[in-house]
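Coordinate analysis (summary)
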Amino acid sequence: MGSDAGHRVADMLGRQHDDGRLATQRDVPGGSIGCLGAAMPAQGHVCFFVGQPIRGPAVQNIVDADAAARLFPQYDGAFAGVFWDAERQWLVVVTDCLGMQPLYMRHVNGELTLSSQTRALRGDPDFAAWGAFLSLGHPIGARSLMQGLVRVPAASIVTFDVRRGTLDIRRYWQWPDPSDAWRGYDFLGSLEQDVRAGAAYGDPGTLLLSGGVDSRLLLFLLKRSVVPAQALIVAHQDEANDADGRLAQAVAKLAGMRFRRVYPATDFFSSQAYIDYLQASDVGFPSMELFIAKVASHLHGTAVWDGLVPGFVFMPLHQPEGGFKAYLREEVRGAGSAIWRAAKRLFRDEVYEAMREGFADDLRREVSHLSQDAYGLARFVIENRSRNRASMNPLKVYASQGDAFTPGLSKDFMAHAAIIPFEVKQRGHLYRQLLQKLDRRSLAVPFISGGELMPGRVPSLAYGVERLRQHYFQQRARHPRLFPKAGAYKVERSCFLGELLLQEDDAWLHEQVRERLRESGPDIEVAWKLLFHWKAWQWLHQDGLARVLPGAS
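Residues numbered from 1 in each chain as written. Predicted model: local features only at pLDDT ≥ 70, side-chain atom pairs only at ≥ 80, totals over all residues. Heavy atoms only, no water.

1. Some remarks on the sheet that holds strand β3 (residues 46-54)
To keep things clear, this is the line we draw: Strand pairing requires that DSSP identify at least two bridges connecting the strands. By the criteria applied, helices consist of DSSP H or I runs no shorter than four residues and strands consist of E runs no shorter than two, each listed in order from the N terminus. Angular values range over 0 to 180 degrees, each being the angle between N-to-C directions of two axes fitted as lines to C-alpha atoms, with helices fitted over their stretch in contact.
Strand order in the open sheet formed by five strands is β3-β4-β5-β9-β10, with antiparallel pairing between adjacent strands. Unpaired on one side and paired on the other, β3 and β10 (166-171) mark the two borders of the sheet. Here the strands of the sheet are splayed against their neighbours by 10 degrees on average, with no regard to which way each runs.

2. A few points about the packing of aromatic side chains
Filter applied, for reference: Pairing of aromatic rings covers Phe, Tyr and the six-membered ring of Trp, with a centre-to-centre limit of 6.5 Å; geometry is then stacked below 30 degrees between planes, edge-to-face above 60, and tilted otherwise. Relative accessibility decides the category of a residue: with a 1.4 Å probe and only protein chains considered, values under 20% of the type maximum give buried, values over 50% give exposed, and everything between is partly exposed.
Counting across every chain of the model gives 27 aromatic pairs. Measuring from ring centre to ring centre gives 5.1 Å for Phe49 and Tyr75, while their planes differ by 70 degrees; the resulting arrangement is edge-to-face. A residue pair is termed long-range when its members are at least 10 positions apart, and Phe49 in strand β3 and Tyr75 in the loop between α2 (65-71) and β4 (76-85) qualify at 26 residues. Given the relative accessible area of 23%, Phe49 is considered partly exposed. Considering the side-chain rings of Phe324 and Tyr327, the 6.3 Å spacing of their centres and the 85 degrees angle between planes classify their relative orientation as edge-to-face. On the criterion of helical spacing, the pair formed by Phe324 and Tyr327 is a turn pair, its members being three residues apart in helix α8 (residues 323-330). The exposure class assigned to Phe324 is buried, which follows from its relative accessible area of 1%. For Tyr327, a relative accessible area of 5% corresponds to the buried category.

3. Quick look at the environment of His300
Worth spelling out the cut-off: Note on contacts: a residue pair is in contact if any heavy atoms of the two residues lie within 4.5 Å. Any pair of nitrogen or oxygen atoms within 3.5 Å is treated as a polar contact; in protein, a donor-acceptor pairing is required on top of that, and neighbouring residues in sequence qualify only through side-chain atoms on both sides.
Counting through the fold element by element, His300 comes out in the loop between α7 (272-281) and β14 (304-305). For His300, a relative accessible area of 59% gives the class exposed. Separated by 96 residues in sequence, His300 and Lys396 have C-alpha atoms that sit 16 Å apart. Excluding residues within four positions of it along the chain, His300 makes contact with Arg260 and Gln401. Here the side chain of His300 touches Arg260 through a polar contact of 3.4 Å, side chain to side chain.

4. A look at helix α11 (residues 374-390)
Definition in use: Helices are assigned an expected span. That span is 1.5 Å times one less than the residue count. In this analysis the local bend is the angle between axes fitted, respectively, to the seven residues ending at and the seven residues starting at the residue.
Its 17 residues place the ends of α11 only 20 Å apart at the C-alpha level, less than the 24 Å of an ideal helix rising 1.5 Å per residue. Taken as a whole, α11 carries its principal kink of about 30 degrees at Val381. Burial analysis of α11 places 12 of its 17 residues in the buried class, which makes it a mostly covered element. When we look at burial in α11, the residues that qualify are Gly376, Leu377, Ala378, Phe380, Val381, Ile382, Asn384, Arg385, Ser386, Arg387, Asn388 and Arg389.

5. Quick look at the layout of surface pockets
We apply this condition: Think of a 1 Å grid over just the protein atoms. A cavity is a set of points where a 1.4 Å probe fits yet cannot get out, a pocket is an open set with protein on both sides within 12 Å along at least five of seven lines, and lining residues have an atom within 4 Å of a point. Grid points are joined across faces, edges and corners, and a volume is the space filled by probe spheres set on the points. Classification used: nonpolar for Ala, Val, Leu, Ile, Met, Phe, Trp, Tyr, Cys and Pro, charged for Asp, Glu, Lys and Arg, polar for all others including Gly.
The computed volume of the second largest pocket comes to approximately 1100 Å³. Looking at the second largest pocket, it is lined by 43 residues, and the ones nearest its centre are Gly34, Leu36, Phe48, Val50 and Ser116. Every element with two or more residues in the lining of the second largest pocket is listed here: α1 (5-16), β2 (31-36), β3, β4, β5 (90-95), β7 (111-115) and α12 (392-397). When its residues are assigned to classes, the lining of the second largest pocket shows 24 nonpolar, 14 polar and five charged.

6. Here's the deal with the packing of helix α9 (residues 338-346) against helix α18 (residues 524-540)
Basically, it comes down to this: Between 65 and 115 degrees an angle is taken as roughly perpendicular, under 35 as roughly parallel, over 145 as roughly antiparallel, and anywhere else as oblique. Throughout, a crossing is termed right-handed when the near helix is turned clockwise from the far one, and left-handed when it is turned anticlockwise from it by less than a right angle.
At a minimum axis distance of 8 Å, the contact between α9 and α18 shows a crossing angle of 70 degrees. Between α9 and α18, the interaxial angle falls into the category roughly perpendicular. In this structure, α9 meets α18 at a crossing whose hand is right-handed. Seen from α9, the contacting residues are Ala338, Ile339, Ala342, Ala343, Arg345 and Leu346; seen from α18, they are Ile524, Val526, Ala527, Leu530 and Leu531. Broken down by class, the residue content of the contact of α9 with α18 amounts to 10 nonpolar, no polar and one charged.

7. Examining the environment of Ser135
Following the sequence through the fold, Ser135 ends up in helix α3 (residues 127-136). Judged by relative accessible area, which is 0%, Ser135 ranks as buried. A C-alpha to C-alpha distance of 8.9 Å links Ser135 and Ala335, two positions 200 residues apart in sequence. In contact with Ser135, not counting residues within four places along its chain, are Glu331, Val332, Arg333, Trp340 and Phe359.

8. Examining the nonpolar core
To keep it simple, the criterion reads: In this description, a nonpolar core means a group of buried Ala, Val, Leu, Ile, Met, Phe, Trp, Tyr and Cys residues linked to one another through side-chain atoms lying within 4.5 Å.
Membership of the largest hydrophobic core comes to 65 residues, with the highest contact counts inside it found for Tyr274, Leu346, Phe347, Leu530, Leu531 and Phe532. Going through the elements one at a time, α3, β12 (230-234), α7, α9, α10 (349-368), α12, α17 (513-518) and α18 are the ones with two or more residues in this core. Setting aside residues no more than four positions away along its own chain, Phe532 makes contact with Tyr274, Leu278, Met288, Phe496, Leu497 and Leu501.

Function cannot be inferred from these measures alone, as they are strictly geometric.
See the structure below:
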């Protein structure tokens, strides 16, 4: 919305239109609207969703701006609802209750820009957000990695009056206060309703199945709901010789679910598939040599079922016992960490300090309005890590190929799940209770979560056997000379980590960055990976990856 909107939207569509989807644009009074994957009416009102809303009113009832502001918030699921009222010249945008569906906003000098992808826009890096990228692996608060571009707030009704040039944002759902309301709540019944609502879109889809707890719970929910999904198991060969894949295959066989097990190429991080992943993810979080980046290349355009959103509600991952004091000590990488030492090598002193100080200020601000106990920490992790990292693969990367479903994103579910006490969720106890109630067979196979092996039910022969396997592979890794024929899996170093990253001048890098990268030290490889993400993000948000990376389109 604002001056030159038609040109800006055309440029945004051109920067995203890299997969053959239909691109349509419609100029409206005071602005322009662009849409990928669907046509818009040539006149009158415009109403559409980004994402997959579930359990809402009939779309036919959304007839004007007032109806949109009233009815959009009634939907659940991951979505952003958009309505253009042609008569009143009002734009109404509503985000889901946790703001998980990616949507970004820039509001400057009366001009409003909204986009579901950051790569649609050009811009400079936000140093405070990049400080969070270094310390946590994702931005925090409203920031994106681009200066001046922020996430649209969660559970928000955004109204822009074109005639007056006014922007109004108000919330329709609040985070629940601690109580015992979670006791007796039918969590499985709520999740099953989400599964059935997702299946109603028509494609049974593919379940991303690992050895973890989330995907197993979802597997048995799909089975109970008689959704004939097929499981995709992507081998994780560089962790305990693919214990993740072994356990996933065992539980798929046990449940009678068809599955496909695939083995990523060792040169994945030099491949076109990795470039495609970078573009789909907006290079918004670390991915070089991380397993999760390999998954999307094995999807074939079907709907995807990927764990539960927002994650971390039934087991407190990334939430150490002791509230924020323990979290800040154990989870936040400080100046002495390898990643910050690498940043010191790469960036000018003033840029390094801006990253450090900007992140520190943001972290203090985000933590200050929360209780300092486990309840406040759980909210912080969901509002930041879940929203800015964990949800990005299903709702941004996988959704670029087809529908993506992540049950658990409903107002009623979160009103109860968000207040489950920390001690109830420790070490998978709550998951075991839910799985025992859902299907006792689900506990016959042990779990692996965050690299840690956990028993399904105790005692368990399967758990004992897997522990012995893991001990063997640990010894093999520590003493390779004792196992000369073992042939350990090794990911090849990316061909993108090299002089390609230094071909162009960069005003934010240290003037001696080349010399510093030739030095020896334990953080040199970390520095190359950080430089790769920094440069790839800049290329994508300027003239595109195609200008620099071989094979990018």
